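Analysis of the macromolecular model
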Amino acid sequence: MEKNWYKYFNYGTIALVFVLAILLMIDMVRGTYEIIPRSYYLPLIVIVFFIFILRIVARIYFMKQSKKQT
């Protein structure tokens, strides 16, 4: 169960960050129609940073769990 959860979490967060990055780049290039208001840029970057830290912590946790099982 934990390995499946980690796999879904890992790929889900990569997809989420990828979508957010694409939206921010499209919004910067187009400039005329805002998909994401500029006031949301900083909160989105903070969320992406939090996801990055959470992925590192989850990876360390599951590496320790797999070492205990062997």
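As shown above, the structure is provided for reference.
Residues numbered from 1 in each chain as written. Predicted model: local features only at pLDDT ≥ 70, side-chain atom pairs only at ≥ 80, totals over all residues. Heavy atoms only, no water.

Before going further, it helps to spend a moment on the overall build of the chain. Within the chain, the regular secondary structure consists of 2 helices and 0 strands. Counting only residues that meet the buried cut, the chain has 19% of its 70 residues in that class. For the chain, contacts bridging at least 24 residues in sequence account for 61% of all contacts bridging at least 6. Taken as a whole, the chain presents about 5,900 Å² of accessible surface, with 73% of it coming from carbon and sulfur. (Helix = DSSP H or I, 4+ residues; strand = E, 2+ residues; numbered from the N terminus. Buried < 20%, exposed > 50% of the residue type's maximum accessible area, 1.4 Å probe, protein only. Contact = heavy atoms within 4.5 Å. Areas by Shrake-Rupley, 256 points an atom, 1.4 Å probe, with all protein chains shown as cover.)

Before going further, it helps to spend a moment on the environment of Ile 51. The residue Ile 51 is located in helix H2 (residues 41-69) in this model. According to the relative accessible area criterion, Ile 51 is buried, its value standing at 10%. Taking the C-alpha atoms as reference points, Ile 51 and Thr 13, separated by 38 residues in sequence, lie 6.9 Å from one another. Excluding its chain neighbours within four sequence positions, the residues that come into contact with Ile 51 are Thr 13, Leu 16 and Val 17.

Note on placement: Phe 52 falls in helix H2. In this structure, the C-alpha to C-alpha distance between Phe 52 and Val 17, residues 35 residues apart in sequence, is 9.1 Å.

It is worth spelling out a nonpolar patch on the surface at this point. Together, Phe 49, Phe 52, Ile 53, Ile 56, Val 57 and Ile 60 make up a nonpolar patch on the protein surface, roughly 560 Å² of accessible area in all. As for its position among the elements, Ile 60 is in helix H2. Residue classification places Ile 60 among the partly exposed positions, given a relative accessible area of 44%. (Patch = residues over 30% accessible without salt bridge, like charges linked within 9 Å, V, L, I, M, F, W, Y side chains within 5 Å. Salt bridge = Lys/Arg side-chain N within 4 Å of Asp/Glu carboxyl O.)

Residue placement: Asn 10 occurs in helix H1 (residues 2-30). Beyond its immediate chain neighbours, meaning those up to four positions away, Asn 10 contacts Arg 55 and Arg 59.

Relative to the assigned elements, Thr 13 resides in helix H1. Since its relative accessible area comes to 8%, Thr 13 is described here as buried. If sequence neighbours within four positions are ignored, Thr 13 has contacts with Ile 51 and Arg 55.

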